Amino acid sequence: MKQKIQQFMLGRYGADQLGQFLLIIAIICMVISMVFHSRVCNLLSVLLLILCYYRMLSKNHSRRYAENMQYLKYSGKVIGFFKAKKRYFLQLKDYHIYKCPSCKQKIRIPRGKGRISISCPKCHTEFIKKS
Ligand SMILES: [Zn+2]
């Protein structure tokens, strides 16, 4: 039996990051459909599972690889966006972030230094702000 499964899986694409993502979305849809009795979510979860298995059992490696690369490209952008936002909000605890009034360059000033004159490192405009 094990040998038959190995024989069947020979040359198949298998699981990848996009497959894992689709599986997670399918499970979330399944839970939503069970809780809210939503037929749309139930249908969507079944379709996602079919797509997941289709991709795993596919023998067209180059196509599946290209799809996964496309997914990684976009998911990387989304993850990078949220990491940048998280970094920004963590900095707000210790720094004020001001924009230069003339060139809109962001300038990071440590908190708790009182009213200070800030010189823009890009255009050298001076402005006064509370830190
Ligand atoms: Zn400036």
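The numbers attached to residues start from 1 for each chain and follow its sequence in the written order. Where local features are concerned, this predicted model is filtered to residues with pLDDT of at least 70; where side-chain atom pairs are given and counted, the filter is 80 or more; whole-chain, interface and lining totals use all residues. The side-chain quantities take in all heavy atoms of the structure and omit both hydrogens and water.

1. Some details on a nonpolar patch on the surface
Threshold: Each patch is built from salt-bridge-free residues with over 30% relative accessible area, joining like charges within 9 Å and nonpolar side chains (Val, Leu, Ile, Met, Phe, Trp, Tyr) within 5 Å. Methods summary: accessible areas were calculated by the Shrake-Rupley approach with a probe of 1.4 Å, and residue burial reflects only the protein chains presented. Here, a salt bridge means any side-chain nitrogen of Lys or Arg that lies within 4 Å of a carboxyl oxygen of Asp or Glu. Helix and strand definitions follow DSSP, with helices as H or I runs of at least four residues and strands as E runs of at least two, each counted in order from the N terminus. A simple rule labels every residue: compare its accessible area, found with a 1.4 Å probe on the protein chains alone, to the largest value its type can have, and call it buried under 20%, exposed over 50%, or partly exposed in between.
Together, Leu-23, Ile-24, Ile-27, Ile-28, Met-30, Val-31, Ile-32, Met-34, Val-35 and Phe-36 make up a nonpolar patch on the protein surface, roughly 930 Å² of accessible area in all. With respect to the secondary-structure elements, Met-30 resides in helix H2 (residues 17–36). Residue class for Met-30 comes out partly exposed when judged on its relative accessible area of 30%.

2. What to know about the pairing of strand S2 (residues 106–110)
Using the following cut-off: One bridge is not enough; two strands pair if DSSP finds at least two bridges between them.
Covered by surrounding structure in S2 are Ile-107 and Ile-109 only, the residues Lys-106, Arg-108 and Pro-110 on the alternate face being uncovered. The sheet contact formed by strand S1 (residues 95–99) and S2 spans five bridges and is antiparallel. Each residue of the ladder has a partner; that of Ile-97, found in S2, is Arg-108. Hairpin geometry of S1 and S2 is characterised by an intervening segment of six residues between the two adjacent antiparallel strands and by a positive phi of about 65 degrees at Lys-104.

3. So, the packing of H2 against helix H4 (residues 61–91)
Selection criterion: With axes taken as lines fitted to C-alpha atoms, and helix axes fitted only over the stretch in contact, angles between N-to-C directions fall between 0 and 180 degrees. The scheme is simple: roughly parallel for angles under 35 degrees, roughly antiparallel for over 145, roughly perpendicular for 65 to 115, oblique for anything else. Working rule for contacts: check all heavy atoms of both residues, and any pair within 4.5 Å makes them a contact. Polar here means any residue outside two lists: the nonpolar Ala, Val, Leu, Ile, Met, Phe, Trp, Tyr, Cys and Pro, and the charged Asp, Glu, Lys and Arg; Gly therefore counts as polar.
Orientation of H2 relative to H4, taken along the N-to-C sense of each, is 70 degrees, at an axis distance of 8 Å. With respect to their mutual orientation, H2 and H4 come out roughly perpendicular. Contacts from Gln-17, Leu-18 and Phe-21 in H2 reach Glu-67, Asn-68, Tyr-71 and Leu-72 in H4. Residue composition of the contact of H2 with H4, grouped by class: four nonpolar, two polar and one charged.

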